[in-house]
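Coordinate inspection notes
Below, each chain spelled out in residue letters.
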Amino acid sequence: RQFPLLRFLIRVDDDVYLRPQPLLAQLEFRAPSSYFWGNFDHGSNPVRDENHSHYNSYEQFPKRKHPMFGDIFPPYARGHLWVMSSDLLSRVVEVWKN
């Protein structure tokens, strides 16, 4: 690993008011293993309109058939603030490389 002392990666948008000390204090109580925290979105529909700025083609994201909601994304952490433990980050990097 390139950063052996890394326990968590914190990702935050530049327009988010972040109080780092309370967040870091909470992370002290979390095991840095298989940890992913944030505001998760459950059940957003992909935009299939080619003229929309957030368009997702079927090649980028194949259609999924949820019995109640139809074509939806799997749960994901929204971008404004999330925390990931370094072991998960390593797994993401490995999958991305392959």
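These numbers were taken from a predicted model, which means no experiment stands behind them. Here the residue numbers are simple positions, counted from 1 along each chain's written sequence. Thresholds applied to this predicted model are a pLDDT of at least 70 for local features of residues and 80 or more for the giving and counting of side-chain atom pairs; totals over whole chains, interfaces and linings are not thresholded and use all residues. Excluded from the side-chain calculation are hydrogens and water; included are all heavy atoms of the structure.

Right, let's get into unusual backbone geometry. One non-glycine residue with positive phi stands out, namely Ser34, at about 50°. Only DSSP runs of H or I reaching four residues or more are called helices, and only runs of E reaching two or more are called strands; each is numbered from the N terminus. Along the chain, Ser34 falls in the loop between α1 (20-27) and β2 (36-41). By relative accessible area, Ser34 is classed as partly exposed at 49%. Relative accessible area decides the class of each residue, using a 1.4 Å probe on protein chains only: under 20% of the type maximum gives buried, over 50% gives exposed, and in between gives partly exposed.

Two aromatic rings, drawn from Phe, Tyr or Trp (for Trp, its six-membered ring), form a pair once their centres lie within 6.5 Å of each other, and the interplanar angle then sorts them: stacked below 30 degrees, edge-to-face above 60, tilted otherwise. Here the structure, examined in full by the defined rule, presents five aromatic pairs. The interplanar angle of 80° and the centroid separation of 6.0 Å between the aromatic rings of Phe73 and Tyr76 together place this pair among those described as edge-to-face. Aromatic rings pair up to connect Phe36, Phe40 and Trp82 into one cluster. Consider the ring centre and the ring normal. A charge sits over the ring if Lys NZ or Arg CZ is within 6 Å of that centre and within 35 degrees of that normal. Directly above the ring of Tyr58 sits Arg48, whose terminal nitrogen or CZ lies 4.1 Å from the centroid.

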